[in-house]
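# Topology and contacts: notes
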Amino acid sequence: MEKIDEVVLELRRELEKSKHTNVYTGMYANRQLIRFQRFFFFQDKMSIMLPEDFQEMDPDMARFKYPAENRPELILTSEDSTVNFTLKYVDVPVREEELLSAAGQLRAVMGRLNPSNLFFESDTLEREDGMAVWFDYKSYALDDAMYNFMYLTDIDGHLLQGACNCPFAIYKEWKEIARQVVMSVRDRTKEESNGGKTDSNRTLSYTKSVNVPQPAI
């Protein structure tokens with residue numbers, strides 16, 4: 001009887017999970033329902049759906065987890081700091097047709113800088129008003145293997161570089177969440193110029209942007 005109860009409970013979990021398949025319905029990770037809200041960044045040039053309970057990472061923690069000086073300018077993290085979403089808006093003009101090449105070059109550089117990185121897939125995604133190029137890989141932190149999902153897209157004709165990372169042991173569900181997050185990215189400069197719909201559900205406005213020279217590749 002106990003085994004039957006476990007089977008029924010698991011079926012109920014799977015049924016509930018099937019109702020939450022994107023960032024608008026919520027998505028499950030580690031058997032917990034993750035709710036999302038739309039965040040606005042970089043002088044409101046773009047918006048993106050991110051977990052509603054994630055917070056901006058403490059600067060000291062950011063320096064520890066991302067010791068390089070060119071760390072992402074924005075890092076949102078889970079309560080236990082194990083799952084992170086990062087964004088960097090770079091003052092480098094880019095056209096959509098250049099994204100695939102740029103992502104390939106970035107992937108090659110990261111492979112040369114850290115040969116232990118194990119790369120998996122790369123592909124394109126149609127986001128809500130444009131295209132994004134992504135790739136994922138396994139890296140190694142101080143005491144754990146990490147999963148990294150990186151993507152490039154263009155916002156207002158300039159490069160947006162984003163990522164999601166988490167412990168490798170839980171990557172399967174977070175990989176699909178990362179894909180859905182990327183698909184939710186909106187270039188608000190297109191909406192304004194075309195007189196289209198505007199975003200609602202504003203939760204956070206992060207207006208900092210940086211001028212970073214294009215890396216030599």
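For clarity, every value in this text was computed on a predicted model and none was experimentally measured.

Mapped onto the secondary structure, K190 falls in helix α5 (residues 188-194). Judged by its relative accessible area of 27%, K190 is partly exposed. Each C-alpha atom, one on K190 and one on I155, is 8.8 Å from the other, the two residues being 35 residues apart in sequence. Excluding residues within four positions of it along the chain, K190 makes contact with R127, D129 and G130. Side-chain polar atoms of K190 contact the backbone oxygen of D129, separated by 2.8 Å.

The next point concerns the pairing of strand β8 (residues 84-93). Burial analysis of β8 places 8 of its 10 residues in the buried class, which makes it a mostly covered element. Relative to β8, strand β7 (residues 74-77) is paired through 4 bridges, and the arrangement is antiparallel. Residue pairing in the sheet places T77 in a bridge with N84 of β8. Hairpin connection, β7 to β8: the antiparallel pair is bridged by 6 residues, and S81 has positive phi, about 65°. Bridging between β8 and strand β12 (residues 158-167) involves 8 bridges; their strand directions are antiparallel. Directly across from L87, in β12, lies its bridge partner G162.

On to the sheet that holds strand β10 (residues 130-140). Taken together, 7 strands build an open sheet; the order of strands is β6-β7-β8-β12-β11-β10-β9 and the sheet is antiparallel. Both outer strands of the open sheet, β6 (55-56) and β9 (118-127), are each paired with one neighbouring strand and no more. Relative to β10, β9 is paired through 8 bridges, and the arrangement is antiparallel. What sits directly across from E126, in β10, is M131.

Look at helix α4 (residues 171-183): 18 Å from first C-alpha to last across 13 residues, which is about the 18 Å you get at 1.5 Å a residue. Inspection of α4 places W174, K175, I177, A178, Q180, V181 and V182 among the buried residues, and these make up the whole buried set.

Turning our attention to the side chain of N165. For N165, the location among the structural elements is in strand β12. You can call N165 buried: its relative accessible area is 8%. Within polar-contact distance, the side chain of N165 engages the side chain of N84 at 2.9 Å. With residues up to four places along the chain from it excluded, the contact list for N165 reads Y66, T82, V83, N84, M146, Y147 and N148.

Applying the stated criterion across every chain, the model contains 13 aromatic pairs. When the centroid spacing of 4.9 Å and the interplanar angle of 15° are considered together, the rings of W134 and F149 count as stacked. Of this pair, W134 sits in strand β10 while F149 sits in strand β11 (residues 145-155), placing them 15 residues apart in sequence. F149 shares its class with W134; the two are buried. Each ring, one from F135 and one from Y137, has its centre 6.3 Å from the other, and the planes form 25°; the classification is stacked. Note on F135: relative accessible area 2%, which makes it buried. Sitting over the face of the ring of F168, K138 holds its NZ or CZ atom 4.4 Å from the ring centroid.

The biggest cluster of nonpolar side chains holds 35 residues, and the ones touching the most others in it are F41, M46, I48, L87 and W174. The element best represented in this core is α4, accounting for 5 residues. Leave out the neighbours within four places in its chain, and W174 touches A29, N30, I34, F54, V83, F85 and C166. Core analysis: the second largest hydrophobic core is formed by 15 residues, V92, M131, L152 and A163 among them.

About the criteria used
- Residues numbered from 1 in each chain as written.
- Predicted model: local features only at pLDDT ≥ 70, side-chain atom pairs only at ≥ 80, totals over all residues.
- Heavy atoms only, no water.
- Helix = DSSP H or I, 4+ residues; strand = E, 2+ residues; numbered from the N terminus.
- Buried < 20%, exposed > 50% of the residue type's maximum accessible area, 1.4 Å probe, protein only.
- Contact = heavy atoms within 4.5 Å.
- Polar contact = N/O pair within 3.5 Å; in protein donor to acceptor, adjacent residues only side chain to side chain.
- Pairing = 2+ DSSP bridges.
- Expected span 1.5 Å × (residues − 1).
- Phe/Tyr/Trp six-rings, centres within 6.5 Å; stacked < 30°, edge-to-face > 60°.
- Lys NZ or Arg CZ within 6 Å of the ring centre and 35° of its normal.
- Core = buried A, V, L, I, M, F, W, Y, C linked by side-chain atoms within 4.5 Å.

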